[in-house]
Amino acid sequence: MIELDVRDGIWALVAMLAIYLAFTLFRLSRPRESRAALEERAAHTVVAETPAAPPAPVEAAPAEPAPEDESVSRALLNELEIQQLRRDVSQLQTESDFLRRELAATRRDLDALRDAQQAVREQAPPVQYVRPVSPQHSEAMLLAGRGFDAAKIAEHCGISVAEAELVCALARAEERA
């Protein structure tokens, strides 16, 4: 068997980290090629998703990065953003139409309920005031009609002063009518 001590394990770990670092630096040294490939793939994907819009001609990226390359990529990114905004606007219009239909249906339901309520009101007889049948309140109404004050009515009939005042107000309203 192979015997490894701590020092050999540390050297093996350092070697693995060095290999990983070299691989990562190698991948980072080629950002322009991968970025151009990603943009080209994104352009083909977006054109395939939106068949309604006429596909824009896609120019092949030059092998060497040129000053125009950045403006082309910006134009491509702008076109992608415009297409995304068009999809968003279309979705918002669809949702707005749905909400308008829901609002119209709710208004129709509300109008139907209002018409039904009006029909019930027209058919129902008007509500009239009925004198109380309670002996306490009947006697209180008689006393109030004779002109007694609320405190004396409350004491005589065994009701609260507030109830007696209410009875007095009702009696005065009946006299005026």
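Coordinates for the structure precede this section.
Owing to the predicted nature of the structure, the values given are computational and were not obtained by experimental measurement.

### Points about the overall build of the chain
In terms of regular secondary structure, the chain is built from six helices and zero strands. Mapped in sequence order, the helices and strands of the chain form the string α-α-α-α-α-α. Within the chain, the fraction of its 177 residues that count as buried is 11%. Intrachain contacts of the chain at a sequence separation of at least 6 include 48% that bridge at least 24 residues. With an accessible surface of roughly 15,300 Å², the chain has 61% of that area assigned to carbon and sulfur atoms.

### So, helix α6 (residues 161-176)
The first and last C-alpha atoms of α6 sit 23 Å apart over 16 residues, in line with the 22 Å expected at 1.5 Å per residue. Along α6, the residues classified as buried are A164, V167, C168 and A171. Projected down its long axis, α6 shows its buried positions confined to an angular sector of 100 degrees, all on one face. Across α6 from its buried face, at more than 90 degrees, point the exposed residues A162, L166 and R176.

### Points about the pattern of salt bridges
It is possible for side chains of opposite charge to pair when their charged atoms get near one another. Overall, the coordinates contain two salt bridges when judged by the stated rule. The residue R114 makes a salt bridge to D111 at a minimum N-O spacing of 3.5 Å. Of this pair, R114 and D111 both sit in helix α3 (residues 67-123), three residues apart, which is roughly one turn of that helix. Assessed through its relative accessible area of 48%, R114 is described here as partly exposed.

### A look at the state of the cysteines
This model, assessed by the stated rule, comprises zero disulfides. Looking at the unpaired C157, the closest cysteine sulfur is the one in C168, lying at 9.8 Å. Judged by relative accessible area, C157 falls into the buried class, the value being 9%.

Rules used throughout
- Residues numbered from 1 in each chain as written.
- Predicted model: local features only at pLDDT ≥ 70, side-chain atom pairs only at ≥ 80, totals over all residues.
- Heavy atoms only, no water.
- Helix = DSSP H or I, 4+ residues; strand = E, 2+ residues; numbered from the N terminus.
- Buried < 20%, exposed > 50% of the residue type's maximum accessible area, 1.4 Å probe, protein only.
- Contact = heavy atoms within 4.5 Å.
- Areas by Shrake-Rupley, 256 points an atom, 1.4 Å probe, with all protein chains shown as cover.
- Expected span 1.5 Å × (residues − 1).
- Arc of directions from axis to C-beta.
- Salt bridge = Lys/Arg side-chain N within 4 Å of Asp/Glu carboxyl O.
- Disulfide = S-S within 2.5 Å.

From the geometry alone we can't say anything about function, so treat these as descriptive.
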